[in-house]
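Listed here are the chains, written in short residue letters.
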Amino acid sequence: MIRGIERLAKDMTVKMMRQEAVANNLANATTSGYKTQRPFVTVLQNAVGSTQPAGQSQVTGLYTDFTEGPIDSTERPLDFAIEGDGFFVIDTPQGLRYTRNGNFTLSEDGTLVTQAGYRVMGSGGPITINSQNNTDNITMTAEGLIYSGSDQVGALKIVTFDNPEALVSEGNMFASPSGEGRQCDMKTTQVIQGALERSNVSPVDQMVEMITVGRGFETDQKSIMVQDDSAKQLIDRAGKMGA
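Now for a look at the structure at hand. Numbers given to residues run from 1 along each chain, matching the order in which its sequence is written. In view of the model being predicted, local features appear only for residues whose pLDDT reaches at least 70, and side-chain atom pairs are presented and counted only at 80 or more, with totals across whole chains, interfaces and linings using the full set of residues. Each side-chain value is derived from all of the structure's non-hydrogen atoms; neither hydrogens nor water enter the calculation.

Focus on the pattern of salt bridges
Okay, so step 1: The salt bridge criterion pairs a side-chain nitrogen of Lys or Arg with a carboxyl oxygen of Asp or Glu, the two atoms within 4 Å. Enumeration according to the criterion identifies eleven salt bridges in this entry.
Okay, so step 2: Across the pair Glu68 and Arg100 runs a salt bridge whose closest N-O atoms are separated by 3.8 Å. Residue Glu68 is found in the loop between strand 2 (57-64) and strand 3 (71-73), and its partner Arg100 is found in the loop between strand 6 (95-99) and strand 7 (104-106); the two are separated by 32 residues along the sequence.
Okay, so step 3: The rule is simple: take the accessible area with a 1.4 Å probe, protein chains only, and divide by the maximum for that residue type; under 20% is buried, over 50% is exposed, in between is partly exposed. Glu68 gets classed as partly exposed once you look at its relative accessible area, which sits at 34%.
Okay, so step 4: Across the pair Arg76 and Asp79 runs a salt bridge, and its minimum N-O distance is 2.7 Å.
Okay, so step 5: Taking the relative accessible area as the measure of exposure, Arg76 reaches 27% and is therefore partly exposed.
Okay, so step 6: Since its relative accessible area comes to 3%, Asp79 is described here as buried. Numbering of helices and strands runs from the N terminus; a helix is a DSSP stretch of H or I covering at least four residues, while a strand is a stretch of E covering at least two.

Set out below in structure tokens:
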């Protein structure tokens with residue numbers, strides 16, 4: 001009976017982690033470039049020497065669903081969307097980070113930066129655009145070459161990873177524990193100007209998950225209360241028999 005309560009308690013912990021993932025996904029449903037985080041749930045099987053009961057689920061971590069989100073036109077010259085594989089490279093105080101969010105702007109000195117002020121990296125370093133705050137003359141090719149009028153001022157650095165599952169999610173950015181990625185093949189990937197990739201979160205699916213997990217959590221709670229009451233009754237009977 002105690003084992004049953006322990007098992008239900010662990011199962012409730014799994015459900016709490018799943019709910020946290022759902023809540024985070026819903027909070028970022030409108031965040032450009034955000035990728036859905038999903039719990040990696042495994043079901044334990046009987047194993048020699050195992051102290052865990054078979055069939056018990058556990059969360060071993062979160063994984064990222066890198067499915068491409070819908071691309072919406074914004075007609076804003078400094079909005080860029082990647083169609084295909086690849087990430088923009090961002091220089092942050094914590095080091096290089098990688099994102100699919102191409103919602104950029106210009107700093108006071110004309111450097112291409114994120115909305116948070118982090119520099120967007122080009123193939124030769126940060127990209128400086130001498131546009132005198134006139135972004136209407138900024139154009140970009142599908143290969144990521146950026147022009148101010150007729151002058152090329154830089155080329156976006158678009159990288160990919162052989163094992164993107166190893167990337168660590170930091171909101172709509174990712175850190176790479178294994179080092180920098182390799183240059184993306186721009187024959188199969190293109191950059192679209194005046195557009196943004198939206199989040200790939202499906203609010204409907206996440207709400208269904210939240211309801212399902214919530215109901216399961218309530219069922220586990222009721223089961224624990226029933227088993228706890230049964231345990232108390234057994235203890236009371238044992239006490240009376242021993243008196």
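Remarks on the side chain of Lys35
Okay, so step 1: Inspection of the secondary structure puts Lys35 in the loop between helix 1 (2-27) and strand 1 (37-43).
Okay, so step 2: Residue classification places Lys35 among the buried residues on the basis of a relative accessible area of 1%.
Okay, so step 3: Each polar contact in these results corresponds to two N or O atoms within 3.5 Å; when the atoms are within protein, one needs to be able to donate a hydrogen and the other to accept it, and residues that are neighboring in sequence are counted only if both atoms are side-chain atoms. From its side chain, Lys35 meets the backbone oxygen of Thr67 in a polar contact 3.1 Å long.
Okay, so step 4: Once you skip the residues sitting within four places of it in the chain, Lys35 turns out to touch Thr64, Asp65, Phe66, Thr67, Glu68, Gly69, Arg100, Phe174, Glu197 and Asn200. Between two residues, a contact is recorded if the distance between any of their heavy atoms is within 4.5 Å.

Regarding the nonpolar core
Okay, so step 1: By nonpolar core is meant a set of buried Ala, Val, Leu, Ile, Met, Phe, Trp, Tyr and Cys residues that side-chain atoms within 4.5 Å join together. Of all hydrophobic cores here, the largest spans 20 residues; its most connected members are Phe80, Phe88, Leu112, Ile146, Leu156 and Ile158.
Okay, so step 2: For this core, the elements supplying multiple residues, two or more each, are strand 4 (80-83), strand 5 (87-92), strand 7 and strand 11 (138-140).
Okay, so step 3: Val159, Phe161, Leu167 and Phe174 belong to the second-largest nonpolar core, a separate cluster that totals eight residues.

What to know about unusual backbone geometry
Okay, so step 1: We note that Glu75 has phi near 60°; this positive angle belongs to a residue other than glycine.
Okay, so step 2: Along the chain, Glu75 turns up in the loop between strand 3 and strand 4.
Okay, so step 3: Assessed through its relative accessible area of 72%, Glu75 is described here as exposed.

Quick word on the side chain of Thr189
Okay, so step 1: As for its position among the elements, Thr189 is in the loop between strand 17 (182-183) and strand 18 (190-193).
Okay, so step 2: A polar atom in the side chain of Thr189 sits 3.0 Å from the backbone oxygen of Asp85.

Observations regarding the sheet that holds strand 11
Okay, so step 1: Ordered by their spatial adjacency, three strands build an open sheet running 11-12-13, and the pairing between neighbours is antiparallel. Edge positions in the sheet fall to strand 11 and strand 13 (151-155), since each has one partner strand and no second. Neighbour-to-neighbour, the strand axes of this sheet turn through a mean angle of 30°, independent of strand direction.
Okay, so step 2: Pairing of strand 11 with strand 12 (residues 145-148), which is carried by three bridges, proceeds in the antiparallel orientation. Note on strand 12: the bridge partner recorded for Met140 is Ile146. DSSP calls a pair of strands paired once it identifies at least 2 bridges connecting them. Interaxial angle, 0 to 180 degrees, is taken between N-to-C directions of lines fitted to C-alpha atoms, where a helix line uses only the stretch in contact.

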